[in-house]
Amino acid sequence: MIRSPNLLRRGLVGMAALVGSAAMAAPNALPAGELPAAVRTALNRAQLPADALVAYITELGPPRGVPRLTHRAQQPVNPASLMKLYTTGAALELLGPAWTWPTPVLTTGQLVDGVLQGDLIIQGRGDPTLVIERLWLLLREVRQRGIHEVRGDIVLDGSAFVLNGADAGDPADFDGERFRPYNVRPDALLLNHKSITLRFVPEPSRGVARVSTDVNLAGVQIDTAVPLVSGGCGDWRGSLKPAFDEPGRIRLTGLYPVSCGEKTWPVAYAEPSSYNVRLIAESWHELGGQLAGSVRNGPTPHGALPLFEATSPPLAAVVRDINKFSNNVMAQQLFLSLGLIPAGALPMPAAAGIPTAGDTSTPPTPAGSTADAARERLRAQVRTRAGCPDAEFSIDNGSGLSRQSRSSARCLGVWLQALWASPVMPELMSSLPLTGIDGTARRPGRDWGAALGRAHLKTGSLRDSMGLAGYVLGQSGRRYAFVAIVNHPSAGAARPVLDALVQWAADDAER
């Protein structure tokens, strides 16, 4: 059937008008600066001013119109752990979901009848997943390669990360809590996050709680039992009266409430510089390996030959751990890894503008600070993909464990929109906590209302900052990029405010 050109033209104009109307009219959209009544009520109850909140909510996919809600959206604020959305999103795009970290193992000298007549070298390239299980597999592979005794030294090379100034600071610099695992500093050879997990198992018949650890460190004594006491669990950690500041001894001089049952307590080791040496020495011994020399930190000797490479899980799995559980140490490892790779080495197809997985090698460390290189790489990616001006976005360490990081809600919202249109969107979205279901969004007693199980949201919190960002599926079937952050000395009271805004975003049925 042939239609009149005029009729066809009128039909196309009408369709364009319909699309344009849909683009301009987001369901239940609010004028710029206005907040839903439930959010204003929650702010009042929390005794927080409205200008403590920044927010940006916009529909994803075409047609894109005006945002559904904007409130001080261009004001830069401290995003806390929402900064991980920049780091993990950029890494997925630049490196690809299948990218892995290699940990080369090299040797010097000859291997004769199970005896290595030289050094064994473990070369760190930034792998954030070298926990005790994977380290055990690495050392077991050394044994399976026929090395039972090392006549030289075991050399631990962590020189791939070049950190200067504040980037190489003390673990206590952020909040004075040097024994909290989240404050562990990054290391190109990061073993077991430089932490020890204490496990307490009450044995009422003996009147003690048995104490065990996930790792043993050479030369470190740990109390293996602590007396039991009756009463409520309460501040059980304080009841133990621990002393963690001695590198050679972990003391527990208090009591353990029997009502607590089994508990675990992760602790950052007091002397991070010797952790790797102590852990490798003890682990090699436990595997039956012999060592004539010593375990020491140092550069890879000239002329060392490759033995094998241990390989990390793929980046997509690492990003899931970072975002689901807001792991600061792993996020900083990933951030610094971006600074190791020269721009020309990135597997980036020119046509697509987004790289694919492929080359997993790590080129030599660039001159200068690895953190500076990482900041420039991440800043360039965010500027290119989201158009964020420097006034609305600044980077410190890539994890959000910082007082200097800044982002506007608009910048982060547009970044989430760009990632939604990216080939790596499924990997990023599935890495975010599902409201009320898993990760950091599973907090007991939290009222998600209409948003229960309908939003993938990264959480962020510091002493004076609390936020949520990610994707919300509305009851209408529309999906939204969602960003809401509160910066205020009383930000800890802002959770009901953020939850009310998430519920409003999910409850988008036409009225």
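Remember, predicted model here, so these are calculated numbers, not experimental data. (Residues numbered from 1 in each chain as written. Predicted model: local features only at pLDDT ≥ 70, side-chain atom pairs only at ≥ 80, totals over all residues. Heavy atoms only, no water.)

**Some remarks on the nonpolar core**
Using the following cut-off: Only buried residues count toward a nonpolar core. Its members are Ala, Val, Leu, Ile, Met, Phe, Trp, Tyr and Cys residues joined through side-chain atoms within 4.5 Å. Partly exposed describes any residue whose relative accessible area lies between the buried limit of under 20% and the exposed limit of over 50%, with all areas from a 1.4 Å probe on protein chains only and scaled to the type maximum. By definition, residues are in contact when any of their heavy atoms lie within 4.5 Å.
Within the largest apolar cluster, 56 residues are counted, with the highest numbers of intra-cluster contacts made by Y86, L315, V382, F393, L412, W415 and Y471. Leaving out residues up to four positions away in the same chain, Y86 has contacts with L378, V382, F393, S407, S408, C411, L412 and W415. L116, L156, V226 and L240 belong to the second largest nonpolar core, which has 45 residues in total.

**Considerations on the pattern of salt bridges**
A side chain with one charge can pair with a side chain of the opposite charge if their charged atoms come near. Operational definition: By definition here, a salt bridge exists when the distance from a side-chain nitrogen of Lys or Arg to a carboxyl oxygen of Asp or Glu is within 4 Å. Helix and strand labels come from DSSP, where a helix needs a run of H or I of at least four residues and a strand needs a run of E of at least two; each type is numbered from the N terminus.
In total, this model carries 25 salt bridges according to the counting rule given. The residue E203 makes a salt bridge to R206 at a minimum N-O spacing of 2.6 Å. By relative accessible area, which is 18% here, E203 ends up buried. What makes R206 exposed here is its relative accessible area of 54%. Among the salt bridges present, the one from R375 reaches D372, with a minimum N-O distance of 2.8 Å. Placement of both R375 and D372 in helix 9 (residues 370–386) is noted, with a separation of three residues, approximately one turn of the helix. What makes R375 buried here is its relative accessible area of 12%.

**Points about the state of the cysteines**
For the record, the criterion: Cysteine sulfur atoms that pair up within 2.5 Å are treated as a disulfide.
The full count for this structure, using the stated rule, is two disulfides. Between C233 and C260 runs a disulfide, and the two sulfur atoms are separated by 2.0 Å. Since a negative S-S torsion denotes a left-handed disulfide, the C233-C260 link at about 110° is right-handed. Taken together, the positions of C233 in the loop between strand 12 (225–229) and helix 5 (236–239) and C260 in the loop between strand 15 (256–257) and strand 16 (263–268) put the pair 27 residues apart, joining distant regions of the chain.

**Some points on the confidence of the model for the protein**
What counts, and what does not: Per-residue confidence from the predictor is given as pLDDT, running between 0 and 100.
Taken as a whole, the protein shows an average pLDDT of 90; of its residues, 88% reach a score of 70 or greater. Per-residue pLDDT stays below 50 along residues 1–24; that stretch engages in eight contacts with residues further than four places along the chain or on separate chains. In the model, residues 348–367 has pLDDT below 50 throughout and makes 43 contacts with residues more than four positions away in sequence or in other chains.

**Observations regarding the packing of aromatic side chains**
To keep things clear, this is the line we draw: Here a Phe, Tyr or Trp ring, Trp counted by its six-membered ring, pairs with any other such ring whose centre lies within 6.5 Å, and the pair is stacked when the planes are under 30 degrees apart, edge-to-face when over 60, and tilted otherwise. Charge-over-ring placement is defined geometrically: NZ (Lys) or CZ (Arg) within 6 Å of the ring centre, and within 35 degrees of the ring normal.
All told, the structure shown has 11 aromatic pairs when counted by the stated rule. Between Y269 and Y275, the aromatic rings sit 6.0 Å apart at their centres with planes inclined by 55°, giving tilted as the arrangement. Since its relative accessible area comes to 5%, Y269 is described here as buried. With a relative accessible area of 0%, Y275 lands in the buried category. A network of ring pairs unites the aromatic residues F179, F200, W236, F244, Y256 and W265 as a single cluster. In this structure, R68 packs its charged tip against the face of W504, placed 4.0 Å from the ring centre.

**Details of the pairing of strand 13 (residues 242–246)**
As a general feature of sheets, a regular strand has side chains that alternate between the two faces. Quick reminder of the rule: The pairing criterion is simple: DSSP has to find at least two bridges between the two strands.
Both strand 13 and strand 14 (residues 249–252) contribute to a ladder of three bridges, which runs antiparallel. Residue pairing for strand 14: A243 is matched across the bridge by R251. From the end of strand 13 to the start of strand 14, which pair antiparallel, there are two residues.

**Re the side chain of N78**
In plain terms, the rule: The definition of a polar contact used here is a pair of N or O atoms within 3.5 Å, where within protein one atom must be able to donate a hydrogen and the other to accept one, and adjacent residues in sequence count solely through side-chain atom pairs.
With respect to the secondary-structure elements, N78 resides in the loop between strand 2 (69–71) and helix 3 (84–95). For N78, a relative accessible area of 5% corresponds to the buried category. A polar contact of 3.0 Å, which involves the side chain of N78, links it to the backbone oxygen of S402. The residues contacting N78, other than those within four sequence positions of it, are S402, R403, S405, R406, L462, S465, I485 and N487.

**Focus: the environment of Y275**
Structurally, Y275 can be placed in helix 6 (residues 272–286). Y275 sits 57 residues away from A218 along the chain, and the two C-alpha atoms are 9.1 Å apart. Those residues within four positions of Y275 in sequence are excluded, and the remaining contacts are L191, N192, K194, S195, I196, V215, L217 and Y269.

**A closer look at unusual backbone geometry**
Although it is not a glycine, Q47 sits at a positive phi angle of roughly 55°. The exposed category is assigned to Q47, whose relative accessible area is 69%. Positive phi, close to 50°, is recorded for D113, a residue that is not glycine. On the secondary structure map, D113 appears in the loop between strand 4 (111–112) and strand 5 (115–116). A relative accessible area of 78% means that D113 is categorised as exposed.

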